[in-house]
Amino acid sequence: MRTDTTRADAAARGLARKPFAWTFTTPLYVGSSLNPINSSIIATALVPIAAALHVSVGSTAVLVSSLYLASAVAQPTAGKLAEVFGARRIFLSGIMLVLLGGLVGGLGQNLAMLTVARVLIGIGTSAAFPCSMVLIRRRAEETGLDAPPGGVLGGIAIAGMATAAVGPPIGGLLVGAAGWRWAFLINIPVTAIAMAMALRWLPKDPVPDPGHGGFRKVADRIDLPGILGFAGSMTALVIFLMSLPHVEWIALAVFVLAALPTVVWELRKTAPFFDFRGLAANGPLARTYLRQALTLLGVYSVMYGMTQWMEAAHGISTVAAGLLLLPMGAVSALLSRPLASRNLVRGPLIASAVTMLLGSVGIMLLTSHSPAIAIVLVSLIFGVTSASTTVGNQTALYLAAPPDQIGTASGLFRTFGYLGTITSAVIGGIVFRDGVSDHGLHTLGIVLVAAGLAVLLLTVLDRRLMNRDTNRPTDTPSTVENPAKENPA
């Protein structure tokens, strides 16, 4: 008994000294990187998949859209489940789904099986980020940290955004060396490692309250009707957006028919899945969602739109186009950690808006005769945009979200990001509908200038961001009163 007590005391002292040790953060980083890498790793496998399955290359686009759709719906759902059932449990469940998706995809014999695999991977990888935010928030409260753990949030930012840029190169190597199935099978060893680390190093969840058992009580706690209504509405909305510029009227009708009763239900419920009243009252959180969506619209327009333009109008090879955009991911990764460690919000967000405007103007000046260095320069500028928006908005989210709703809020944060990403693909399809050309690229630049101006206004006119920046170290507990309590985000 005395030995157990001594070990418990030693563990408590270790937690107090270094609450965010590498053993705690590493599984969170690995898990959070799975979604962005899987989002982009499939790009280089689409043509080989089409050839192997004897289908058109265009039909393989469902493998991209299915993961985005599944992720947009699953992110806030996973966050809600983490709040109710425990973040570690949901994190591990997500890892198991990714493992299953890797197996199904790796053994798949037709496009339908591969689509199911991508949906499983999308749902499974969506658990990591909201669960990580719940675990980080819980650890900060347990150790008395009164400011966001900037270094940890910076690591999550790198895992959640910058890693998307390494997906295509990794995919190219895997597909080239071992075949397209490894775009799926690579998830098996990675998830096995993540599972082992999570089981060993992540703290166990609190014991569930036995008084809340039974399907009806559980469904009421997680607001199952709200989740289902949100899923149906979001699915129809995403399908409608992806169909543009051709209007998919059925999808639009389904969206309206699903969204209206869902909104009515959520407004009447005491503890709703999607808290419309809470979001309306929490302006800083709503503006954070909008900034994230608009900025990612710009970042992904560069990743997708400029890639198409480089290959079709500039005559650059696929490999070279990918290499020209790699600096964007590198700069994003290099800047995210130091920016986040200072817990800055307003400064990075202003930098994000300004660099988005500069980069968008740069896009308007590019032509099919521009040198490669000019393309790299635009890529570097948007790398700064990517890092500063991810860091600033993620810290703003941490400060603005109610502590008991950090999981759902984090999931919705990612959902709005996916909407921005999907919208970027829609805009790219519209501006290049008559063929990829310099004129279409310049039109894209004009759209991004407008989006950048909106982001800038959402930042500089937000008075609640004026006192958000704090340079106080966050690696150790502080006894200083939380400034967020004095001036809530």
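Residues numbered from 1 in each chain as written. Predicted model: local features only at pLDDT ≥ 70, side-chain atom pairs only at ≥ 80, totals over all residues. Heavy atoms only, no water.

Comments concerning the overall build of the protein
Of the regular secondary structure elements, the protein holds 22 helices and zero strands. Buried residues in the protein amount to 54% of all 489 residues. Put simply, 84% of the contacts in the protein that link residues at least 6 apart link residues at least 24 apart. On the protein, roughly 20,800 Å² of surface is accessible, and the fraction owed to carbon and sulfur atoms is 69%. (Helix = DSSP H or I, 4+ residues; strand = E, 2+ residues; numbered from the N terminus. Buried < 20%, exposed > 50% of the residue type's maximum accessible area, 1.4 Å probe, protein only. Contact = heavy atoms within 4.5 Å. Areas by Shrake-Rupley, 256 points an atom, 1.4 Å probe, with all protein chains shown as cover.)

A few points about a nonpolar patch on the surface
On the surface, Val-361, Met-364, Leu-365 and Ile-446 cluster together to form a nonpolar patch covering roughly 370 Å² of accessible area. Of all the elements, helix 18 (residues 346-365) adds the most residues to the nonpolar patch, at three residues. Following the sequence through the fold, Met-364 ends up in helix 18. Owing to a relative accessible area of 32%, Met-364 belongs among the partly exposed residues under this scheme. (Patch = residues over 30% accessible without salt bridge, like charges linked within 9 Å, V, L, I, M, F, W, Y side chains within 5 Å. Salt bridge = Lys/Arg side-chain N within 4 Å of Asp/Glu carboxyl O.)

Examining the pattern of salt bridges
Considering all chains together, one arrives at six salt bridges under this definition. Across the pair Glu-141 and Arg-137 runs a salt bridge, and its minimum N-O distance is 3.8 Å. One end of the pair, Glu-141, and the other, Arg-137, are both in helix 7 (residues 128-142), four residues apart, so they sit about a helical turn from each other. Measuring nitrogen to oxygen at the nearest pair gives 2.8 Å for the salt bridge that ties Arg-287 to Asp-462. Within this pair, whereas Arg-287 is found in helix 16 (residues 283-312), its partner Asp-462 is found in the loop between helix 21 (438-460) and helix 22 (483-486), the two being separated by 175 residues in sequence. A cluster of three or more residues bridged by salt bridges with shared partners is formed by Arg-89, Arg-138 and Asp-205.

Some remarks on the packing of helix 19 (residues 372-400) against helix 20 (residues 406-431)
Where helix 19 meets helix 20, the axes come as close as 10 Å, and the angle between the chain directions of the two elements is 150°. Taken as axis vectors, helix 19 and helix 20 run roughly antiparallel relative to one another. Note that helix 19 runs across helix 20; the crossing there is right-handed. Touching Asn-393, Gln-394, Leu-397 and Tyr-398 of helix 19 are Ile-406, Ala-409, Ser-410 and Phe-413, all from helix 20. (Axes fitted to C-alpha atoms, helices over the stretch in contact; angles between N-to-C directions. Parallel < 35°, antiparallel > 145°, perpendicular 65-115°, else oblique. Left-handed = near helix turned anticlockwise from the far one by under 90°.)

Quick notes on the packing of helix 16 against helix 20
Across the interface, helix 16 lies against helix 20 with an axial gap of 7 Å and an inter-helix angle of 40°. Relative to helix 20, helix 16 is oriented oblique. Between helix 16 and helix 20 lies a crossing whose hand is right-handed. Counted together, Thr-288, Tyr-289, Gln-292, Ala-293, Leu-296, Leu-297, Tyr-300, Ser-301 and Tyr-304 of helix 16 and Ala-409, Leu-412, Phe-413, Phe-416, Gly-417, Gly-420, Thr-421, Thr-423, Ser-424 and Ile-427 of helix 20 form the full contact between these two elements.

Looking at the confidence of the model for the protein
Mean pLDDT over the protein stands at 83; residues scoring 70 or higher make up 88%. Overall, residues 469-489 carries pLDDT values under 50, and its contacts beyond four positions in sequence, including any with other chains, amount to 51 contacts. (pLDDT = per-residue confidence, 0-100.)

Some points on the packing of aromatic side chains
The final tally for this structure, using the stated rule, is nine aromatic pairs. Their ring planes at 85° and their centres at 6.4 Å tell us that Trp-180 and Phe-184 sit as a pair that is edge-to-face. Residue class for Trp-180 comes out buried when judged on its relative accessible area of 10%. Among the residues examined, Phe-184 registers a relative accessible area of 1% and is labelled buried. Put simply, the rings of Phe-230, Phe-273, Phe-274 and Phe-276 pair up and form one aromatic cluster. The aromatic ring of Tyr-398 is capped on one face by Arg-137, whose charged end is 4.6 Å from the ring centroid. (Phe/Tyr/Trp six-rings, centres within 6.5 Å; stacked < 30°, edge-to-face > 60°. Lys NZ or Arg CZ within 6 Å of the ring centre and 35° of its normal.)

Looking at the side chain of Thr-415
Position of Thr-415 relative to the elements: it lies in helix 20. Given a relative accessible area of 1%, Thr-415 falls into the buried group. In this structure, Thr-415 is in contact with Ala-72, Gln-75, Pro-76, Phe-230 and Met-234, ignoring residues within four places of it in sequence.

Some remarks on the environment of Leu-339
Assignment of secondary structure puts Leu-339 in helix 17 (residues 318-341). Note on Leu-339: relative accessible area 23%, which makes it partly exposed. A C-alpha to C-alpha distance of 7.4 Å links Leu-339 and Gly-154, two positions 185 residues apart in sequence. Excluding its chain neighbours within four sequence positions, the residues that come into contact with Leu-339 are Leu-344, Ser-388 and Val-391.

As for the environment of Ala-43
Note on placement: Ala-43 falls in the loop between helix 2 (22-41) and helix 3 (46-53). Looking at Ala-43, the relative accessible area reads 46%, which means it is partly exposed. Separated by 140 residues in sequence, Ala-43 and Ala-183 have C-alpha atoms that sit 9.4 Å apart.

Brief notes about the environment of Gly-124
Residue placement: Gly-124 occurs in helix 6 (residues 111-125). Separated by 25 residues in the primary sequence, Gly-124 and Leu-99 have C-alpha atoms spaced 8.5 Å apart. For Gly-124, the contacting residues outside a window of four places in its chain are Gly-94, Leu-97 and Val-98.

Overview of helix 21
With 23 residues, helix 21 extends 32 Å from end C-alpha to end C-alpha; this agrees with the ideal 33 Å at 1.5 Å per step. Taken together, the buried positions of helix 21 are Gly-440, Leu-441, Leu-444, Gly-445, Leu-448, Val-449, Ala-451, Gly-452, Val-455, Leu-458 and Thr-459. Summarising the contacts, the buried residues of helix 21 are in contact with helix 16, helix 18, helix 19 and helix 20. (Expected span 1.5 Å × (residues − 1).)

Regarding unusual backbone geometry
You will see that Asp-223, though not glycine, has its phi angle at about 60°, which is positive. Tracing the chain through its elements places Asp-223 in the loop between helix 12 (215-222) and helix 13 (224-243). The backbone of Asn-343 shows a phi angle near 60°, a positive value even though the residue is not glycine. Among the structural elements, Asn-343 can be located in the loop between helix 17 and helix 18. A relative accessible area of 1% places Asn-343 in the buried class.

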